[in-house]
Amino acid sequence: MTSSLIRGRPRRTRSHISVRVAHAVLGSAAGLVWLVLPGMTISTDVPVAISTDAPVAAAAPEDEETSGADLVLPLVVVGGVGALAGYAYLRRTRRARTRTTPGGTRTTPPAPPLTQLDGESRTLLAEADNWIRTSREELGFAEARSGPAAAAPFARAVRDAESELSAAFRIRRRYDAGVPPDEPSRRHALAGIVGRCQEVGRRLDEEAAAFDRLRALEGEIGEALTVAETRFRELTGRAATTGTTLADLAERYAPSATAPVTGYAEQAKDRLVFATTHLNRSRQAADSGEAEGAVRQLRAAEGAVAQAAAFVDGIDRLAAELSAAAAMVASALTGAEAELSGVRGVLPTTGEWEQPADAGTGAMTGAVPDTGAGTWADAVPDAGTGAVPDTGAGTWADAVPDAGTGAVPDAGAGTRTGEGGTAEDARAGTGPDAGADAVPDTGAGTRTGGGGTAEDARAGTGPDAGAGAVPDTGAGTRTGEGGTAEDARAGTGPDAGADAVPDTGAGTRTGEGGTAEDARAGTGPDAGADAVPDAGAGTTRGGAAEDAGRATRWARLPDAALLGVPVGELRSRVLHADTVLTSVRQELTGGRPYDPLDLLRRIVRVLAPVATGRAGVLPAAARLAAGSATAVADTFVTTHRGAVGADARTLLAAARELLDAASLTDLVRAHTLARQARELAEQDVRVHGNPVAGAARHERGVAGAVLGGILLGEDADGGPPPSFGGPHTRAGRGLTSA
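Structural notes, computed from the coordinates.

We now examine the packing of aromatic side chains. One pass over the full model with this rule turns up four aromatic pairs. Seen in terms of ring centroids, F211 and F724 are 4.3 Å apart; in terms of plane orientation they differ by 20 degrees. Their pairing is stacked. Taken together, the positions of F211 in helix α5 (residues 183-215) and F724 in the segment after α21 (702-707) put the pair 513 residues apart, joining distant regions of the chain. With respect to class, F211 is no different from F724; both count as buried.

Attention now goes to unusual backbone geometry. Most of the time, phi is negative for any residue but glycine, and the peptide bond is trans. A cis amide bond links V179 with the next residue in sequence, P180, at an omega value of 0 degrees. One can find P180 in the loop between α4 (148-176) and α5. Despite not being glycine, A216 shows a phi value in the positive range, around 50 degrees. In this structure, A216 sits in the loop between α5 and α6 (221-252). The class for A216 is partly exposed, based on a relative accessible area of 24%.

Side chains that differ in sign of charge can pair as their charged atoms come close. Counted by the stated rule, this structure contains 39 salt bridges. Among the salt bridges present, the one from R678 reaches E682, with a minimum N-O distance of 2.6 Å. Taken as a pair, R678 and E682 lie in helix α19 (residues 664-688) at a separation of four residues, close to a single helical turn. Judged by relative accessible area, which is 15%, R678 ranks as buried. Through salt bridges that share partners, D160, E199, R202, R203, E206 and E207 make up one connected network.

On to the nonpolar core, then. One finds F274, L298, L600, I603 and L607 to be the most contacted residues of the largest nonpolar core, which totals 79 residues. At the level of secondary structure, the elements contributing two or more residues to this core comprise α6, α8 (264-287), α9 (291-346), α15 (567-589), α16 (596-607), α17 (617-639), α19 and α21. Residues within four places of L607 in sequence aside, it is in contact with A336, E339, L340, L618 and L664. Formed by 29 residues, the second largest nonpolar core is a distinct cluster that contains L117, A128, V158 and L165.

What counts and what doesn't
- Residues numbered from 1 in each chain as written.
- Predicted model: local features only at pLDDT ≥ 70, side-chain atom pairs only at ≥ 80, totals over all residues.
- Heavy atoms only, no water.
- Phe/Tyr/Trp six-rings, centres within 6.5 Å; stacked < 30°, edge-to-face > 60°.
- Helix = DSSP H or I, 4+ residues; strand = E, 2+ residues; numbered from the N terminus.
- Buried < 20%, exposed > 50% of the residue type's maximum accessible area, 1.4 Å probe, protein only.
- Salt bridge = Lys/Arg side-chain N within 4 Å of Asp/Glu carboxyl O.
- Core = buried A, V, L, I, M, F, W, Y, C linked by side-chain atoms within 4.5 Å.
- Contact = heavy atoms within 4.5 Å.

Keep in mind these values describe shape, not function.
Here is the structure:
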């Protein structure tokens with residue numbers, strides 16, 4: 001609904017036009033009246049009195065002159081009114097074309113092309129990343145001098161800026177992936193990137209003045225110089241040992257192991273040469289009272305010292321990572337082989353996955369499938385009594401014995417009476433068929449014969465003590481004729497080893513025409529025949545064993561997501577993983593130098609598509625390899641930030657975020673992104689070329705300083721050094737020409 005303010009504007013506009021038109025018409029009418037009035041007066045026929053004192057002949061020329069003068073004034077008025085009306089019309093037309101208020105025609109500048117916005121966002125991403133890296137470096141020197149507590153507000157500002165930049169990088173990644181797809185939304189995404197990068201600069205600029213007061217370099221540069229010189233001397237000593245460290249790594253490992261830090265020692269020395277020059281100049285300027293020049297030279301030296309430390313730390317870090325990886329390769333290989341063995345064990349021999357139809361009462365819980373007429377189907381024991389409900393006519397078969405003793409243990413509470421007997425008879429051992437084929441009760445595991453008592457049954461005595469007494473499930477056997485309960489427990493007696501059919505579940509079973517109640521009471525047409533264990537611990541004819549096997553494989557699968565992978569593809573993955581792991585083991589035991597980080601990378605990369613890596617060593621191995629690759633890429637970007645573009649930084653930001661992931665797939669992805677970021681950064685440096693021409697500049701380290709962003713490269717001598725802050729404050733300290 002249009003607001004009243006917007007609806008009222010056109011009416012007011014029309015009223016203004018009407019008033020102006022009315023004014024113009026009125027002015028025209030007045031001019032016409034003035035023009036016509038003299039003519040009307042001249043042509044009148046009314047007689048005029050003539051004075052006799054004046055000559056008549058002299059009056060005619062005066063009348064003619066008066067009528068001509070009277071015509072000039074009306075014409076002037078009409079012309080003026082017309083000019084005013086034309087001016088008002090033109091002015092109104094011009095205002096209507098350029099107005100931006102509701103009710104008029106809105107004229108906005110044309111939107112810039114999408115490619116222009118894209119380029120602007122890329123530039124700002126790289127610049128914002130440089131603002132943060134430079135601010136973080138100078139913050140380290142401030143903390144070394146003033147302490148972490150004094151520098152805490154500025155450290156918080158840097159963290160806030162990093163959060164904004166991370167969000168901008170995430171938007172950029174989605175944009176590069178084609179999300180969102182429509183052009184208006186993509187413009188909005190690019191505007192979001194620009195806005196967040198500008199917020200990074202605003203947050204750092206906001207703290208720049210207070211940070212300069214904390215450092216107070218213009219007034220107390222002596223302490224800051226001492227801190228920088230101390231770090232410089234420490235780095236000089238460490239840089240002298242990098243050659244020895246690299247030589248040792250080259251002797252112990254394959255050449256690919258030290259490839260990521262190739263040239264680091266030389267570049268560290270180049271930065272230290274540059275730092276030496278500018279530390280000396282800063283000291284000289286401070287001694288001569290040139291505070292401003294001393295500060296500029298100090299900032300350039302601090303940047304060089306920070307980057308020299310990045311190179312030296314990179315070499316030492318790689319040495320530690322290679323040592324840790326070498327100690328982890330064997331255990332990672334063993335864990336990977338165990339994971340593959342688990343996957344191989346659940347792969348079906350033929351066909352695709354055959355998942356159970358019902359994980360609650362199907363093959364997963366041992367329910368017996370229907371195999372047709374004359375068999376038992378879905379015999380699920382009663383939760384309270386353990387009796388198996390009546391499922392139709394048929395017989396039980398294929399009781400599965402215990403793997404240890406060969407007996408099928410009693411898993412339920414079930415007893416069974418003979419022909420015509422009751423449940424109480426069954427417990428007491430009485431009834432028509434009390435002595436025939438009784439299935440034991442799980443409480444005492446025995447059953448009395450005809451006329452015997454429960455105590456007799458437990459003692460193995462009574463009228464039918466030797467007839468078919470079935471012992472408890474501890475022995476898992478059944479006594480024969482004349483045997484006692486003790487014989488049954490000892491496995492001795494006339495028929496000690498014969499016909500032991502223990503109860504496997506909760507179950508009893510009804511015969512032909514019997515009901516579930518009959519089954520619990522032991523009555524019914526076939527109450528005395530063929531007591532068979534419940535399918536909870538066993539199987540029946542008609543493929544139940546195969547169903548149970550499939551269910552077991554399905555439950556033991558290392559990663560349920562693999563059920564969506566075709567068996568053929570998964571089998572191919574397993575075979576490929578076997579091949580790679582065999583190659584890794586051969587390389588590990590071959591006696592030749594190898595790259596342990598590369599071996600870890602190959603292990604986790606080939607295992608990620610077929611297993612979750614639940615063994616603790618595998619995620620640790622993946623994180624070590626990915627962390628090493630990410631650190632190498634980050635060091636390269638830091639020390640070459642004057643030439644590295646936004647694409648490499650975007651991939652590096654994505655790799656850093658994935659390092660905290662738990663899955664092998666994410667960690668492998670982090671490793672891949674880090675390697676791609678390093679490759680893109682190297683390509684940017686090659687395209688950028690030599691930033692400063694002249695051999696003398698190379699000798700002084702200016703070229704490396706410009707390439708590394710230590711100097712902004714705006715002038716022939718390298719330009720000013722950047723400092724803590726955003727776009728409006730980071731270049732506040734210029735560097736004088738050498």
